[in-house]
Amino acid sequence: MVENDIPEKPAQDLNDLDTGADALRHLLDRTGERLAGFISSLPDQPTDSSGLFDPKAEWLKAPLPNSPTDAEAILTFLFDEVIPAAYNPASPGYLAYVPGGGLFSAALGELIAGTVNRYTGCWASAPAAVELETQAIRWLAEMMGMPEGSLGVLTSGASMSTLIALVAAREKHLGEELRRGVIYSSSEIHHSIPKAARIAGLAEKNLRQVAVDENFRMRPEKLQEAIRADREAGLLPFFVCSSAGTVNTGSIDPLAEISRVAVEEGLWHHVDGAYGAAFRLVPELADALGGMGLADSLAVDPHKGLFLAYGTGALLVRDMAPLREAFQSTASYMPDMQTGEHYDFCEFTPELSREWRGLRLWLPLKLHGIDAFKESLALKRQLTLRAWEHLSAIEDVEIPAAPDLTLFIFRQRFSGCEAPEEDARNQALLEKINKRQRIMLTGTIVDGRFYLRMCILHLRTDHSRLDEALSIISNALKELREG
Ligand SMILES: *Cc1c(COP(=O)(O)O)cnc(C)c1O
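What you see is a predicted model, and the numbers here were worked out from it, not measured in a lab.

A. Just helix α14 (residues 419-435), in detail. With 17 residues, α14 extends 24 Å between its outermost C-alpha atoms, agreeing within 8% with the 24 Å of an ideal straight helix rising 1.5 Å per residue. Of the residues making up α14, those classed as buried are E422, D423, N426, L429, L430, I433 and N434. Angularly, the buried residues of α14 cover 125° about the axis, an arc narrow enough to put them on a single face. Across from the buried face of α14, at angles greater than 90 degrees, the exposed residues are P420, E431 and K435. For α14, the secondary structure elements touched by its buried residues are β9 (407-412), β10 (442-446), β11 (449-455) and α15 (463-481).

B. A look at the site of the ligand. As a structural note, the neighbourhood of the ligand is formed by 13 residues, with A158, S159, D272, D301 and K304 the closest of them. Within the side chain of S159, a nitrogen or oxygen atom sits 2.6 Å from an oxygen atom of the ligand. At 2.6 Å from a nitrogen atom of the ligand is found a side-chain nitrogen or oxygen belonging to D272. Protein contacts shield 85% of the accessible area of the ligand, which totals 380 Å² for the unbound molecule. Residues of the shell around the ligand, tallied by class, amount to four nonpolar, six polar and three charged.

C. Molecular detail of helix α6 (residues 192-199). Of the positions making up α6, those classed as buried are S192, I193, A196 and A197. Buried residues in α6, looked at end-on, bunch into an arc of 140°, giving them a common side. Opposite the buried face of α6, at more than 90 degrees from it, the exposed residues are R198 and I199. Elements in contact with the buried residues of α6: α5 (158-173), β2 (181-186), β3 (207-210), β4 (236-243) and β5 (268-273).

D. Focus on the sheet that holds β9. Reading across the sheet, the four strands line up as β8-β9-β11-β10 and stay open at both edges, with antiparallel pairing between neighbours. The sheet is open, and its two borders are formed by β8 (397-398) and β10, each paired with just one other strand. In terms of strand pairing, β8 meets β9 through two bridges, oriented antiparallel. Bridge assignment links E398 to a residue of β9, and that residue is R411. In the packing of helix α13 (residues 370-392) onto the sheet, the strands contacted are β8, β9 and β11, and the crossing angle to β9 comes to about 15°.

E. The nonpolar core, seen in detail. By size, the foremost hydrophobic cluster in this structure holds 79 residues, and its most contacted members are M144, L166, F279, M292, L298, L306 and L316. Of the residues forming this core, the biggest block, eight residues, is contributed by helix α4 (residues 127-143). Looking at which domains feed residues into this core, each of domain 2 (107-369) and domain 3 (371-482) gives three or more. Excluding residues within four positions of it along the chain, F279 makes contact with L285, L289, L377, L405, T406 and L457. Formed by 28 residues, the second largest nonpolar core is a distinct cluster that contains L383, F408, L470 and I473.

About the cut-offs
Residues numbered from 1 in each chain as written. Predicted model: local features only at pLDDT ≥ 70, side-chain atom pairs only at ≥ 80, totals over all residues. Heavy atoms only, no water. Helix = DSSP H or I, 4+ residues; strand = E, 2+ residues; numbered from the N terminus. Expected span 1.5 Å × (residues − 1). Buried < 20%, exposed > 50% of the residue type's maximum accessible area, 1.4 Å probe, protein only. Arc of directions from axis to C-beta. Contact = heavy atoms within 4.5 Å. Near = heavy atom within 4 Å. Polar contact = N/O pair within 3.5 Å; in protein donor to acceptor, adjacent residues only side chain to side chain. Areas by Shrake-Rupley, 256 points an atom, 1.4 Å probe, with all protein chains shown as cover. Nonpolar A, V, L, I, M, F, W, Y, C, P; charged D, E, K, R; others polar. Pairing = 2+ DSSP bridges. Axes fitted to C-alpha atoms, helices over the stretch in contact; angles between N-to-C directions. Core = buried A, V, L, I, M, F, W, Y, C linked by side-chain atoms within 4.5 Å. Domains from an automatic or database assignment.

Structural data, given as structure tokens:
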């Protein structure tokens with residue numbers, strides 16, 4: 001550790017609970033050094049060193065720390081032992097699952113918010129901070145093509161956003177009849193939807209999975225048929241969840257068509273845009289995602305498509321009233337709640353106390369400007385098309401559907417090979433690719449068969465890492481074919 005340029009130990013004890021100004025500068029400086037080192041070494045860090053985790057490590061059994069520990073020793077422990085033992089979602093080679101971001105400016109927003117600790121559950125306790133968060137939500141709604149007047153709430157992620165939307169829809173449409181309510185989604189839906197349904201008290205047998213077409217997109221005519229059949233059976237269809245980018249193949253459902261069915265049949269239309277919604281910023285994709293603006297609610301994950309750190313989701317709605325109906329609750333010891341112009345966030349979600357979540361979204365949007373996000377997302381799309389063209393051209397590589405966004409699945413076919421054996425060989429291919437520690441892909445099962453999955457959404461993935469990825473994959477395929 002180089003000691004130059006780092007302030008001398010301040011007069012105040014670094015371990016005091018109430019950190020003074022000098023101690024704060026010192027701690028920030030030390031932490032900054034570690035973080036800068038982390039960021040600058042990212043291109044060379046392995047993509048998955050979760051294997052470094054030692055289940056027998058001494059620290060797992062550490063007793064209650066009754067007395068202080070040296071700050072430098074804590075930083076060393078975190079950066080040497082805890083942080084490396086993980087997948088590396090901050091790496092440019094992270095093409096696994098749906099990548100998160102790790103924008104430093106969002107982390108800075110979080111640091112400021114936590115330090116000044118404004119109370120943003122209610123408007124009256126921090127009007128300017130709440131208005132700033134409201135502004136960030138309005139910007140987000142505008143970016144996603146929601147109609148003017150749309151707003152929403154920031155959440156921890158799409159699972160929570162979808163749950164909030166579902167509870168609001170349940171209260172609006174079902175009242176006491178919740179066990180007769182029916183929910184529709186496609187067979188490709190994310191598992192957070194059935195989970196939300198269970199938490200919201202809906203009957204599992206009333207979750208319908210509507211069939212998809214050859215591009216894994218929901219078939220609206222099948223949706224309409226299912227709704228009518230359920231109605232005839234005396235059930236209460238009330239909620240349809242479509243996808244603006246499914247987790248398996250990145251497919252975009254025909255959102256406008258589904259909205260039309262929802263309006264005709266009187267259902268709440270919720271769009272799961274956790275992965276895909278942000279691509280509304282890319283001109284060539286804006287049309288396919290245009291239908292998002294017709295929905296009643298939209299889940300967006302800024303911690304995916306806007307490259308923020310994990311823990312920032314958003315629920316955007318055309319109308320806040322159903323959220324208030326579902327979540328409003330007050331007490332004599334609470335500050336006055338505002339009506340009309342101002343928003344008390346605690347009236348629209350299950351939460352009361354909450355961090356000033358808006359700053360970690362507002363600050364990056366303001367600091368970098370929306371064009372920077374547009375360009376970065378357009379680059380991810382470009383990289384994806386390159387990867388798709390490259391892999392499609394390889395002998396016996398099967399890609400069932402062209403990417404709607406920046407995610408596609410592929411596998412190597414082996415002639416005369418039984419399904420289980422072919423699946424096992426593709427599993428081995430995935431392991432071979434990931435073993436190099438330069439890129440990380442994941443796998444999935446589609447139509448009962450194993451596929452490799454590549455999702456290009458990371459902030460730091462660029463042309464050079466993609467070249468490397470394609471060469472690693474091509475070589476692994478070649479080795480596998482040559483046995
Ligand atoms: C990630 C994801 C979710 C769940 O979002 P969380 O933020 O992890 O709660 C839902 N749907 C899709 C398509 C996703 O990619």
